[in-house]
Amino acid sequence: GDEWDDSRLRWSIDHSVGLEPVGSHPDGATPAGIHDMAGSVWEWTASRSNEERIIKGASWDDRNPSYFRAAAYAAVAPDSTSSDLGFRCIRDREATEP
């Protein structure tokens, strides 16, 4: 959306720590019904910047609202680990329908 609404994602300003179950913020879903695109954990992408890998989505541990934009990203070493860094599991919807 065009307006910031912090009730639509998990971030540290609400003084909570850690992850939540998928879909905990249904009002934050995209128009296509995709949940949790911002907050929760930074997500690994297949993109690179020199020797580093690109992560997107911001996390529950971030406090800066500008990180929670679709265009926001960070470059990190490919062997980075953190409690707020993960990946998104996806599947082809067409392959799962009868």
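Everything that follows concerns the structure shown earlier in this document.
Structural notes, computed from the coordinates.

Cut-off values and rules
Residues numbered from 1 in each chain as written. Predicted model: local features only at pLDDT ≥ 70, side-chain atom pairs only at ≥ 80, totals over all residues. Heavy atoms only, no water. Phe/Tyr/Trp six-rings, centres within 6.5 Å; stacked < 30°, edge-to-face > 60°. Helix = DSSP H or I, 4+ residues; strand = E, 2+ residues; numbered from the N terminus. Buried < 20%, exposed > 50% of the residue type's maximum accessible area, 1.4 Å probe, protein only. Pairing = 2+ DSSP bridges.

**Regarding the packing of aromatic side chains**
Evaluation of the coordinates by the stated rule reveals 2 aromatic pairs. On the numbers, 6.0 Å between centres and 50° between planes, the contact of Trp4 with Phe68 is tilted. Separated by 64 residues along the polypeptide, Trp4 in the segment before β1 (42-49) and Phe68 in the loop between β2 (52-56) and β3 (73-76) bring together distant segments of the chain. Among the residues examined, Trp4 registers a relative accessible area of 42% and is labelled partly exposed. Here Phe68 falls in the buried class, since its relative accessible area comes to 10%.

**A short note on the pairing of β1**
As paired strands, β1 and strand β4 (residues 85-86) are joined by 2 bridges and run parallel to one another. In the strand pairing of β4, Glu43 is matched with Gly86. With 4 bridges connecting them, β1 and β2 associate as antiparallel partners. Its bridge partner lying in β2, Ser49 is registered against Glu52. The hairpin turn running from β1 into β2, its antiparallel successor, is 2 residues long, and Asn50 in that turn takes a positive phi close to 55°.

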